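# Observations on chain architecture
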Amino acid sequence: MFTELSAHARDLRDRLVAFMDEHIYPNERELLAPPPEPEKWAPRPLALALMEKARSAGLWNLFYNHGPEGQGLSNYEYSQLCEVLGRSLAAPEIFNCNAPDVGNMEILAAYGTPEQKEAWLRPLLAGEIRSCFAMTEPRVASSDATNIETSILRDGDDYVINGRKWWATGAPSQRCKVAIVMGKSEPEAAKHKQQSMILVPMDAPGLKVERALSVYGYEHAPLGHAEMVFDNVRVPAANMLLGEGRGFEIAQGRLGPGRIHHCMRFIGLAERALEIMCARARNRVAFGSSLAEMGGVRQLIGQSRCDIEQARLVTLKAAWMMDKVGNKAARSEIAVAKIVVPTLAGIVIDRAIQVHGGAGLSQDFFLAEAFAETRFLRIGDGPDEVHREALARNELSRQH
Ligand SMILES: Cc1cc2nc3c(=O)[nH]c(=O)nc-3n(C[C@H](O)[C@H](O)[C@H](O)COP(=O)(O)OP(=O)(O)OC[C@H]3O[C@@H](n4cnc5c(N)ncnc54)[C@H](O)[C@@H]3O)c2cc1C
């Protein structure tokens, strides 16, 4: 199954590693520090400067394989680069590889009309703007997306949108210019044909970002996560993506690659956590010996290596399957990775926190924020239970 990376992918990986060393790790603290209130959601000059550097270095849109704006990598190849850039929570945006923009660019590339691509995909690929994806709603259990209540109703040459969304990542940012909104356009249609996705400019009258949400207290500014209201928001009919009633079809296509990218980033974080766990254990002395000489700590380190290897293998298999048989046929492998990796990465990072003592919980190390990230992904992109349920359905239907 596993093949050597192409020379092109190897070269990109080597240059990515060097860029991380030179520009990301030394600036990580500053990039992740919460900005002061008035500039909280404004673009940061340091991030913009690093984005420009990454772009000039050709380390830009690494995920994208729909045209010359990207690097033409397979899922299997990109996964291995994603592990490198995933080592820092500050890095994905610098390479224009951050969620949810990646997923939104994939949607526009696959389903957008030429006009939609020119208006939104081109500036997204250029890193000039950011976007958000608004599916989840506070009023209904959104892990079952058929519950979504926001309405997208045709009125002459327009659609009119009404509803409340939350957890729209990226929406608080001043650079966020467009939302992909999922809602119901055909309430009488079959269960999975009622939903549509539509492009809504963030400055459309009636669209209001009401508040930012935090994850364990982290606001993730300047991108953030928003609760937002759509009050009779009117957009041209040409903003509909793919066609009325085809929202589920788009959602299925969008989430496969995104899930794998999250997984590879978490493997990068877990690798880095294991590295600093070992460094700390070697250098810290308690009760007359270094932590690295203590059996309990050695067990944590050995088991962490086992956990990371398992996580990486299931993810690479899923990426490889996506290349070989397509996202749809690889959905079980994607689901396995989506369940296994955040849990294992979270366990490894938690062990690193323990070995660091109080320091591990502080802002002086990346561990606490990384742990919060892994915890979120056991819910984001669909809770683990929903993916296990889908796996169980597959298994049971195969065996009767
Ligand atoms: C940091 C963060 C970023 C996010 N970014 C976005 C974004 O950009 N855009 C967006 O639209 N959404 C986003 N989300 C929302 C996320 O996708 C939803 O929270 C998720 O899909 C779950 O929906 P819910 O919160 O309504 O949970 P619910 O649907 O209310 O589910 C609650 C719990 O019920 C249980 N459950 C559900 N179904 C089953 C089942 N079949 N079997 C057993 N138990 C079950 C699970 O334990 C689940 O966690 C984000 C969330 C977070 C935390």
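Okay, so let's go over this structure. (Residues numbered from 1 in each chain as written. Predicted model: local features only at pLDDT ≥ 70, side-chain atom pairs only at ≥ 80, totals over all residues. Heavy atoms only, no water.)

This part takes up the overall build of the protein. Assigned secondary structure in the protein consists of 13 helices and nine strands. Its C-alpha atoms give the protein a radius of gyration of 21 Å, near enough to 21 Å, the size a compact globule of 400 residues would have. Principal-axis analysis of the C-alpha atoms gives the protein an extent of 80 × 60 × 45 Å. Considering the protein as a whole, with its 400 residues, one finds that 54% of them fall into the buried category. The long-range share in the protein, meaning contacts at least 24 apart out of those at least 6 apart in sequence, stands at 73%. A total of about 18000 Å² of accessible surface is found on the protein, and carbon and sulfur atoms cover 53% of it. Side chains of the protein carry 46 positive and 50 negative charges; the gap between the two charge centres is 3 Å. (Helix = DSSP H or I, 4+ residues; strand = E, 2+ residues; numbered from the N terminus. Rg over C-alpha atoms; globule rule 2.2 N^0.38 Å. Buried < 20%, exposed > 50% of the residue type's maximum accessible area, 1.4 Å probe, protein only. Contact = heavy atoms within 4.5 Å. Areas by Shrake-Rupley, 256 points an atom, 1.4 Å probe, with all protein chains shown as cover. Lys, Arg positive; Asp, Glu negative; His and termini not counted. Charge placed at Lys NZ, Arg CZ, Asp CG, Glu CD.)

The next point concerns empty space enclosed by the protein. Left-over empty space is what a probe sized like a water molecule reveals as it rolls over the atoms. Scanning the model with the defined rule gives two cavities of 30 Å³ or more in all. Empty space within the largest cavity amounts to approximately 70 Å³. Contributing to the lining of the largest cavity are Trp41, Ala42, Pro43, Arg44, Ala47, Leu48, Glu93, Ser173, Arg175, Pro222 and Leu223. Two domains each donate at least three residues to the lining of the largest cavity, and these are domain 1 (7-125) and domain 2 (130-245). One number sums up the size of the second largest cavity: a volume of about 30 Å³. Residue lining of the second largest cavity: Ile267, Ala270, Ile308, Ala311, Leu344, Ala345 and Val348, and that is the complete set. Residue assignment for the lining of the second largest cavity shows that the elements contributing at least two residues are α8 (247-283), α9 (295-325) and α10 (331-356). Here the lining of the second largest cavity gets three residues from one element, more than from any other, and that element is α10. (1 Å grid on protein atoms, 1.4 Å probe; cavity = no way out; pocket = protein on both sides within 12 Å on 5 of 7 lines; lining within 4 Å. Points joined across faces, edges and corners; volume = space filled by probe spheres on them. Domains from an automatic or database assignment.)

The space that makes up the second largest pocket amounts to roughly 210 Å³. Lining of the second largest pocket is provided by 18 residues; of these, Asn65, His66, Glu106, Pro257 and Asn327 occupy positions nearest its centre. For the lining of the second largest pocket, the elements supplying multiple residues, two or more each, are α4 (75-85), α6 (101-111) and α8. Broken down by element, the residue count for the lining of the second largest pocket peaks at five residues, all from α6. Of the residues belonging to the lining of the second largest pocket, the class tally is eight nonpolar, eight polar and two charged. Residues lining the lining of the second largest pocket come from more than one domain, with at least three contributed by each of domain 1 (7-125) and domain 3 (248-398). (Nonpolar A, V, L, I, M, F, W, Y, C, P; charged D, E, K, R; others polar.)

With that out of the way, let us pick up the nonpolar core. Judged by nonpolar contacts, the single largest core of 89 residues is most densely connected at Tyr78, Ile94, Phe95 and Met197. The element contributing the most residues to this core is α8, with 15 residues. In this view, Tyr78 contacts Leu62, Phe63, Leu73, Leu85, Cys97 and His261; residues no more than four positions away in its chain are not counted. Within the second largest apolar cluster, 22 residues are counted, among which are Tyr159, Cys176, Ala179 and Val200. (Core = buried A, V, L, I, M, F, W, Y, C linked by side-chain atoms within 4.5 Å.)

The tally for this structure, following the rule as stated, stands at three aromatic pairs. A ring pair is formed by Phe19 and Phe95, whose centres lie 5.3 Å apart and whose planes are at 65°; its orientation type is edge-to-face. Note that Phe19 is positioned in helix α1 (residues 7-24) and Phe95 in the loop between α5 (91-94) and α6, a separation of 76 residues in sequence. Judged by its relative accessible area of 6%, Phe19 is buried. When the ring of Trp166 is compared with that of Trp167, the centres are 6.1 Å apart and the planes differ by 55°; the resulting orientation is tilted. For Trp167, a relative accessible area of 35% gives the class partly exposed. Positioned above the aromatic ring of Tyr159, the side-chain terminus of Arg154 is 5.3 Å from the ring centre. Over the face of the ring belonging to Phe366 we find Arg272, whose NZ or CZ atom lies 4.2 Å from the ring centre. (Phe/Tyr/Trp six-rings, centres within 6.5 Å; stacked < 30°, edge-to-face > 60°. Lys NZ or Arg CZ within 6 Å of the ring centre and 35° of its normal.)

Right, let's get into the environment of Asn65. Within the fold, Asn65 resides in the loop between α3 (45-56) and α4. When the C-alpha atoms of Asn65 and Ala109 are compared, they prove to be 9.6 Å apart, with 44 residues separating the residues in sequence. From its side chain, Asn65 meets the backbone oxygen of Leu73 in a polar contact 3.1 Å long. (Polar contact = N/O pair within 3.5 Å; in protein donor to acceptor, adjacent residues only side chain to side chain.)

Below, the discussion takes up the packing of α1 against α4. Between α1 and α4, the shortest axis-to-axis distance is 10 Å and the interhelical angle comes to 10°. Here α4 runs roughly parallel to α1, going by the angle between their axes. The segment α1 lies against α4, with Ala9, Leu12, Arg13, Leu16, Val17 and Met20 engaging Glu77, Gln80, Leu81, Val84 and Leu85. Grouping the amino acids of the contact of α1 with α4 by side-chain chemistry returns eight nonpolar, one polar and two charged. (Axes fitted to C-alpha atoms, helices over the stretch in contact; angles between N-to-C directions. Parallel < 35°, antiparallel > 145°, perpendicular 65-115°, else oblique.)

So, about the pattern of salt bridges. Opposite charge on two side chains makes pairing possible when the charged atoms of those side chains draw close. This model, assessed by the stated rule, comprises 29 salt bridges. Ionic pairing is found between Glu93 and Arg175, a salt bridge with its closest N-O pair at 3.4 Å. One end of the pair, Glu93, is in helix α5; the other, Arg175, is in the loop between β3 (158-169) and β4 (176-184), and 82 residues separate them in sequence. The exposure classification of Glu93 matches that of Arg175, with both residues buried. (Salt bridge = Lys/Arg side-chain N within 4 Å of Asp/Glu carboxyl O.)

Looking now at a nonpolar patch on the surface. Side chains of Met1, Phe2 and Leu313 sit close together on the surface and give an oily, nonpolar patch of about 270 Å² of accessible area. Relative to the elements of secondary structure, Leu313 occurs in helix α9. (Patch = residues over 30% accessible without salt bridge, like charges linked within 9 Å, V, L, I, M, F, W, Y side chains within 5 Å.)

No statement about biological role is implied by the geometric values presented.
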